[in-house]
Protein chains: 4
Amino acid sequence: MRCYTFIIILVSISLMNLDLIAQGWESIPGAWQNELGSVLVIDSINSDHQIMGKYKSSTGVDGQVFPLLGWINEEKESGRISIAFSVRWDGYGSITSWTGYFDADEQGTFMKTLWHLVRPQSDLPWERIITNASIFRKNQE
Amino acid sequence: MRCYTFIIILVSISLMNLDLIAQGWESIPGAWQNELGSVLVIDSINSDHQIMGKYKSSTGVDGQVFPLLGWINEEKESGRISIAFSVRWDGYGSITSWTGYFDADEQGTFMKTLWHLVRPQSDLPWERIITNASIFRKNQE
Amino acid sequence: MRCYTFIIILVSISLMNLDLIAQGWESIPGAWQNELGSVLVIDSINSDHQIMGKYKSSTGVDGQVFPLLGWINEEKESGRISIAFSVRWDGYGSITSWTGYFDADEQGTFMKTLWHLVRPQSDLPWERIITNASIFRKNQE
Amino acid sequence: MRCYTFIIILVSISLMNLDLIAQGWESIPGAWQNELGSVLVIDSINSDHQIMGKYKSSTGVDGQVFPLLGWINEEKESGRISIAFSVRWDGYGSITSWTGYFDADEQGTFMKTLWHLVRPQSDLPWERIITNASIFRKNQE
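Every chain's residues receive numbers from 1 upward, in the order its sequence appears when written. Each chain takes a letter, starting from A, and each ligand takes a number, starting from 1, following the order in which they are written. It should be noted that, the model being predicted, local features are given only for residues of pLDDT at least 70 and side-chain atom pairs only at 80 or more, the latter also being counted only at that level, while totals for whole chains, interfaces and linings use all residues. Side-chain metrics in this entry use all non-hydrogen atoms of the structure; hydrogen atoms and water are not considered.

Trainee: Provide a residue-level description of the overall build of chain A, including the pertinent values.
Mentor: Along its length, chain A carries 1 helix and 8 strands. Starting at the N terminus, helices and strands are each numbered in turn, a helix being any DSSP run of H or I of at least four residues and a strand any DSSP run of E of at least two. Tracing chain A from N to C terminus, the helices and strands come up as α-β-β-β-β-β-β-β-β. Remark: exposure states derive from per-residue accessible area (1.4 Å probe, protein chains only) relative to the maximum for the residue type, with buried under 20%, exposed over 50%, and partly exposed in between. Residues classed as buried in chain A amount to 48% of the 141 residues present. Counting only contacts in chain A whose residues sit at least 6 apart along the sequence, the fraction spanning at least 24 positions is 33%. Per-residue and other accessible areas were derived by the Shrake-Rupley procedure at a 1.4 Å probe size, with only the shown protein chains allowed to occlude residues. Of the roughly 6,800 Å² of accessible surface on chain A, 57% is carried by carbon and sulfur atoms. The criterion used for residue contact is that any of the two residues' heavy atoms lie within 4.5 Å.

Trainee: Just give me the short version of the interface of chain A and chain B, but keep the residues and values in it.
Mentor: Contact with chain A, which involves 45 residues of that partner, is made by 45 residues of chain B. On the chain A side of the interface with chain B, the three residues burying the most area are Trp71(A), Arg80(A) and Arg88(A), jointly 21% of the side's total. Take a side-chain nitrogen of Lys or Arg and a carboxyl oxygen of Asp or Glu: if they are within 4 Å of each other, that pair is a salt bridge. For the pair chain A and chain B, the interface holds 2 salt bridges. Across the salt bridge formed by Arg80(A) and Asp123(B), the nearest N and O atoms sit 2.6 Å from each other. Whenever a nitrogen or oxygen atom comes within 3.5 Å of another N or O atom, the pair is scored as a polar contact, on the condition that within protein one atom can donate a hydrogen and the other can accept it, and that pairs from neighbouring residues in sequence are kept only if both atoms are in side chains. Summed over the shared surface of chain A and chain B, the number is 25 residue pairs in polar contact (both at pLDDT 80 or more). Only strand E4 (65-74), strand E5 (81-89), strand E6 (94-105), strand E7 (108-118) and strand E8 (129-138) of chain A provide two or more residues apiece to the side of chain A that touches chain B. In terms of residue count, the dominant contributor to the side of chain A that touches chain B is E6(A) (9 residues). Amino acid classes used here: Ala, Val, Leu, Ile, Met, Phe, Trp, Tyr, Cys and Pro are nonpolar; Asp, Glu, Lys and Arg are charged; the rest, including Gly, are polar. Taken together, the residues of the side of chain A that touches chain B sort by class into 20 nonpolar, 15 polar and 10 charged. Once two parts are put together, the accessible area they lose, assessed with a 1.4 Å probe and summed over both, is termed the buried area.

Trainee: Quick rundown of the pattern of salt bridges? Include the residues and the values.
Mentor: Residue and element names in this part refer to chain B. Taken as a whole and assessed by the stated rule, the structure comprises 20 salt bridges over all chains. Across the pair Asp105 and Arg137 runs a salt bridge, and its minimum N-O distance is 2.8 Å. One end of the pair, Asp105, is in strand E6 (residues 94-105); the other, Arg137, is in strand E8 (residues 129-138), and 32 residues separate them in sequence. Judged by relative accessible area, Arg137 falls into the partly exposed class, the value being 21%.

Trainee: Now, about the side chain of Ser57(B): what can you tell me, with residues and values included?
Mentor: Its location among the elements puts Ser57(B) in the loop between strand E3 (50-56) and strand E4 (65-74). Overall, Ser57(B) belongs to the buried group, its relative accessible area being 6%.

Trainee: Residue-level account of the relation of the copies chain D and chain A, with values.
Mentor: Overlay of chain D on chain A (RMSD 0.0 Å): rotation 180°, translation along the axis 0.0 Å. Between the two chains, the operation in question is that of a two-fold axis. If distances are taken from each C-alpha of chain D to the rotation axis, the shortest is found for Ala133(D), at 3.0 Å. Most of the interface of chain D is mirrored in chain A, where 100% of its interface residues are also at the interface. To superpose the copies, least squares is applied to the C-alpha atoms of every residue with a pLDDT of at least 70 in both.

Trainee: Please provide a residue-by-residue account of unusual backbone geometry, values included.
Mentor: Only a minority of non-glycine residues have a phi that is not negative, and only a minority of peptide bonds are not trans. Residues and elements named next belong to chain A. Backbone geometry at His49 places phi at a positive 75°, although glycine is not the residue there. Here His49 is to be found in the loop between strand E2 (39-45) and strand E3 (50-56). Of the residues examined, His49 reaches a relative accessible area of 16% and is grouped as buried.

Trainee: If you had to explain the interface of chain D and chain A to someone new, which residues and values would you point to?
Mentor: Facing 7 residues of chain D, the contacting portion of chain A comprises 7 residues. Carbon and sulfur atoms supply 52% of the area that chain D and chain A bury against each other, a total of about 550 Å² over both sides. When residues of chain D are sorted by the area they lose upon contact with chain A, Lys112(D), Leu114(D) and Asn132(D) head the list and together hold 68% of the total. For the interface between chain D and chain A, the tally reads 0 salt bridges. In this structure, the connection of chain D to chain A is made through 6 residue pairs in polar contact (both at pLDDT 80 or more). Where the side of chain D that touches chain A is concerned, the elements lending two or more residues are strand E7 (108-118) and strand E8 (129-138) of chain D. With 3 residues, E8(D) is the single largest residue contributor to the side of chain D that touches chain A. For the side of chain D that touches chain A, the residue count by class is 3 nonpolar, 2 polar and 2 charged.

Trainee: So what's going on with the environment of Thr109(D)? Which residues, and what values?
Mentor: Residue and element names in this part refer to chain D. Relative to the helices and strands, Thr109 is located in strand E7. Given a relative accessible area of 47%, Thr109 falls into the partly exposed group. In this structure the C-alpha to C-alpha distance between Thr109 and Arg128, which are 19 residues apart in sequence, comes to 33 Å. When residues no more than four places from it in sequence are discounted, the contact partners of Thr109 are Trp32, Phe102, Asp103, Ala104 and Arg137.

Trainee: Can you lay out the relation of the copies chain A and chain B for me, pointing to particular residues and giving the numbers?
Mentor: Of the transformation placing chain A onto chain B, the axial shift is 0.0 Å and the rotation is 180°, giving an RMSD of 0.0 Å. With an isologous cut-off of 70% or more, the 100% of interface residues of chain A that recur at the interface of chain B puts this contact in the isologous class.

Trainee: Describe in detail the environment of Ser38(C), supporting the description with residues and values.
Mentor: Residues and elements named next belong to chain C. Position of Ser38 relative to the elements: it lies in the loop between strand E1 (30-34) and strand E2 (39-45). When the C-alpha positions of Ser38 and Ser134 are compared, they lie 9.8 Å apart, and in sequence the two are 96 residues distant. Ignoring any residue separated from it by four or fewer positions in sequence, one finds Ser38 in contact with Trp32, Gln33, Tyr55, Lys56, Ser57, Ser58 and Phe136. Of the polar contacts made by the side chain of Ser38, one reaches the backbone nitrogen of Ser58; its length is 2.9 Å.

Trainee: I'd love a proper account of the pairing of E7(A), names of residues and values included.
Mentor: Successive residues of a regular strand alternate their side chains across the two faces of the sheet. Residue and element names in this part refer to chain A. A large share of E7 lies buried, amounting to 9 of its 11 residues. Paired strands, as defined in this entry, are two strands with at least two bridges between them according to DSSP. Sheet topology note: the E6/E7 ladder contains 11 bridges and is antiparallel. Opposite Ser97, over in E7, you have His116 as the bridge partner. Between E6 and the antiparallel strand that follows it, E7, lie 2 residues. Relative to E8, E7 runs antiparallel, the two being bridged by 9 bridges. Note that in E8 the partner of Trp115 across the bridge is Asn132.

Trainee: Account for the packing of aromatic side chains, with residues named and values stated.
Mentor: Stacked, tilted and edge-to-face are the three classes applied to pairs of Phe, Tyr and Trp rings, where Trp contributes its six-membered ring and a pair requires centres within 6.5 Å; stacked means planes under 30 degrees apart, edge-to-face means over 60, and tilted covers the rest. In this structure the tally under the stated criterion is 32 aromatic pairs over all chains. For the pair Trp32(B) and Phe102(B), a centre-to-centre distance of 5.8 Å together with 65° between the ring planes defines the contact as edge-to-face. Remark: Phe102(B) occurs in strand E6 and Trp32(B) occurs in strand E1 (residues 30-34); sequence separation between them is 70 residues. Phe102(B) carries the same exposure label as Trp32(B), and that label is buried. Members of the aromatic cluster, connected to one another through ring pairs, are Tyr55(A), Phe66(A), Phe85(A), Trp89(A), Trp98(A) and Phe136(A).

Have a look at this one:
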């Protein structure tokens, strides 16, 4: 009985992966690096389109690795993929949310993201959100 | 054997809740409504500080309810709480990420958020991200 | 000769004002206050649609008044008006740019703006831009 | 009499330029191009630190040239320069505000900006502001 359940789960996972590949997502999991040297690692994308992974910031948080969660969405007709992910900076009281899309130039595919970082440091609430943009490219290793 | 496991899980959940209450998060779960009538429902916050819940937009997506995921973070000294959550608009190809903090005025506590919405509609990548701000207040029911 | 020039200028200014009134801009000049008590004063809008005015922040700059410059734009068919203005915080090294539109609720017309504030304080360039939203309402005086 | 006035004006302009050079702004006027091929031309920066110039977008507005206005600010101690400028898209009902700072990498100095574009197209006010980031580099000509 247990054995069958296990096989069904395995088969489901395989079919899910085939589905992801068919949808052009096969190139998303892996390590992506931004212009500051921070690394976004997308470990997997499940059948609900949730991203599981981790983020290693090159700046501001001592090189620690933090878990991330997020979503992928795809428009069927155009094949355009949207992405969003967020990191809770444990011990810092802050959270960053990245939101973006995939695009390509002569150097290849990149992920263009805008982010909001909310930080508790300031006594003035209106000062607590900083913003900027990051371009992530797949690590060539 | 199974019974013990069950009891251990139950006790863990209880302790986790106590912990959340001790940290001043008890008032976060529930329904929050923004100025457009959209409703954010935070069902629970787990021990990793992940938010589980759903979002019912009043505009643009036909009144459907979508799952959300996100994070809470708290700065110990100040008690300031940061929040971020995101919704994948299934069937629309888009994703919204909200990022913000808690503040209060004469009407009570509110959550001030900025959001980025990435949409696949435009052929021009630079047109794909829209932004705005929303204030969410706890539903009085 | 000089007298004629003077008269022509006067008449031009009058016609310009008539034009502005005809386009529904008559209600824009004046003092607008945001939720933090900061006051935006729009002194005039010229025939190039440039805004001249001043800004008195309630927070962070000691109650000083700073000049602002900006633009108004109007879509003919819909009558929708877009606005943008910016303030150079002399002595602080920073600049804020507000961008927004006019909307109305049961309390009347308001200007919903998002802003970016660039500040030189941080050694890390990616930390230099903060963002938030402000709603300005006409002062009732 | 008129001749003297003219000379005084000329001398003032020269002194102003000397002042700008002394403050490290000499490299700002000129043509800057972003990653999409749009060109920002800064014609001059006056003694109030206002920017005069024009903007030629590569996308969305048929290659027209539009006037821009903006500010430069400098923090004395660090020499860090903030910049903001905005363009009114005459005939489109929209306005873009860029806000940013100067930074450098192995390719030289660049201006990193975030922008908000307010557009009247949508019936839904919350959809009217789009955002993204642009990096401008000095044209090598």
